[in-house]
Structures are given as structure tokens and as C-alpha cells.
Amino acid sequence: MSREIPIPPLTGTFKRRLLNELAIFNQRTPPRMSLDGPLQDERHFKVFYVNVQGTEGTLCDGEKFKLQFKYNYLYPIEPPIVSFVGENIPVHPQVERNGRICLSILTSDWTIEFTVHSICLLILNLLRSSEEKGILEDYTELKTGKKIRK
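Residues numbered from 1 in each chain as written. Predicted model: local features only at pLDDT ≥ 70, side-chain atom pairs only at ≥ 80, totals over all residues. Heavy atoms only, no water.

### A look at the overall build of the protein chain
The number of helices and strands found in the protein chain is three helices and four strands. Element order for the protein chain, N to C, with α for helix and β for strand: α-β-β-β-β-α-α. Counted over contacts in the protein chain with a minimum sequence separation of 6, partners at least 24 positions apart contribute 54%. (Helix = DSSP H or I, 4+ residues; strand = E, 2+ residues; numbered from the N terminus. Contact = heavy atoms within 4.5 Å.)

### Description of the sheet that holds strand 3 (residues 64-70)
Sheets are built from strands paired through backbone hydrogen bonds, the pairs being either parallel or antiparallel. Here we have four strands laid out as an open sheet, ordered 1-2-3-4, and antiparallel in their pairing. In the strand order of this sheet, the two ends are held by strand 1 (33-35) and strand 4 (81-85), each with one partner. On average, adjacent strands in this sheet sit at an angle of 25 degrees to one another, irrespective of strand direction. Pairing analysis gives three bridges linking strand 1 to strand 2 (residues 47-53), with the strands arranged antiparallel. Bridge pairing in strand 2 places Ser34 opposite Asn51. Across the face of the sheet, helix 1 (residues 12-27) comes into contact with strand 1 and strand 2 while running at roughly 135 degrees to strand 1. (Pairing = 2+ DSSP bridges. Axes fitted to C-alpha atoms, helices over the stretch in contact; angles between N-to-C directions.)

### Quick word on the environment of Leu127
For Leu127, the position within the fold is in helix 2 (residues 116-129). Spatially, the C-alpha atom of Leu127 lies 9.4 Å from that of Val91, the residues being 36 residues apart in sequence. Setting aside its immediate chain neighbours within four residues, Leu127 contacts Val52, Cys60, Phe65, Phe84, Pro90 and His92.

### Some details on the pattern of salt bridges
Summed over all chains, the structure comprises four salt bridges. Two residues, Arg100 and Glu96, come together in a salt bridge whose shortest N-O distance is 3.8 Å. Judged by its relative accessible area of 34%, Arg100 falls in the partly exposed class. (Salt bridge = Lys/Arg side-chain N within 4 Å of Asp/Glu carboxyl O. Buried < 20%, exposed > 50% of the residue type's maximum accessible area, 1.4 Å probe, protein only.)

### Points about the side chain of Thr55
Examined against the element boundaries, Thr55 turns out to sit in the loop between strand 2 and strand 3. When its relative accessible area of 18% is taken as the criterion, Thr55 is described as buried. Polar contacts involving the side chain of Thr55 include one to the side chain of Arg128, which spans 3.4 Å. When residues no more than four places from it in sequence are discounted, the contact partners of Thr55 are Arg32, Cys60, Asp61, Leu124 and Arg128. (Polar contact = N/O pair within 3.5 Å; in protein donor to acceptor, adjacent residues only side chain to side chain.)

### So, unusual backbone geometry
In this structure, Pro76 follows Tyr75 across a cis peptide bond, with omega equal to 10 degrees. Following the sequence through the fold, Pro76 ends up in the loop between strand 3 and strand 4. Phi angles above zero are rare outside glycine, and Arg32 is one such case at about 65 degrees. Tracing the sequence through the fold places Arg32 in the loop between helix 1 and strand 1. For Arg32, a relative accessible area of 31% puts it in the partly exposed group.

### What to know about the nonpolar core
By size, the foremost hydrophobic cluster in this structure holds 32 residues, and its most contacted members are Val50, Leu67, Phe69, Phe84, Ile101 and Val116. For this core, the secondary-structure elements that each account for two or more residues are helix 1, strand 1, strand 2, strand 3, strand 4 and helix 2. The dominant element in this core, judged by the number of residues it contributes, is helix 2, at seven residues. Aside from chain neighbours lying at most four places away, what touches Leu67 is Met33, Phe48, Tyr49, Val50, Val52, Val82, Ser83, Phe84, Ile101 and Ile123. (Core = buried A, V, L, I, M, F, W, Y, C linked by side-chain atoms within 4.5 Å.)

Just distances and angles here, no functional claims.
Written as C-alpha cells, this is what we have:
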């Protein structure tokens, strides 16, 4: 029998850091991105969404996507979980069908210097850099370069 582990409320360093990051994001919003809706109270800081529009002249030109940022109380020591959600997941070699983004800064290369703003810029660059559309079947495929059969 599994039981849900309660999540501590946002406090101290976590809350201050995230509020500061979101203020910076609003002041210097990355091109073709916007916060999806107002952040009204601290319950909304644990999960929020960013709208993304594909950059002109790229394979994602004209497409619209939604990023979901999920934070836990260990942030910034641990990275947020960032993924594409909704009906339109980018067809990209570093994005799984479920929207998971295979970007090392979101896992093994995470450092506390990364912010909402820098993560968004890196994801925009990821989308811009693709020369072909393709779906990553499994993160292991990206790490090993070998196709995974399921």
C-alpha cells in the first residue's frame, strides 16, 4: 500500500530564490516565451508553465508548445523537472514522446547557477538547433547512440 508523502510548504531560500528568478524572467523574458497565467500564491510556485513559440526559419516555425516546470523543496540543490506538456509535443531528437527533455543540465550537469531564464534559453537553442524532426524513443538512446527496442 503506497501513501503520498506530504510536500513541505515553500519557505526560506527556496521561496526567495524562485520569486527572484520569476521576477527576472518577467523583466527579461526570453524571445518567443511567456509565463502561462499569473502566479497568484505560493501553491503555484511548485508547478508553473511557460508558453513557447517556435523560432522563425527553424523546423518549429509557427508551432506552439507549453513547458511545465516542477520544483521540490530541494531546489536549487536539485534541478526542477522540466518537460513539454499538452497536445503539441515537439518532434525533436532530444524530446521523448511523453515530453521529457533530454538535456544534461536538467540531470547530471545541473548546478545551482542555472535559473528559469537560463533553462528557457537553453531549451530555445535546443529547438532551434535541430536539423531534422525525429522522436527520441528513450533517453538511453541519446546517451548510448543505440536504438532501443521495446
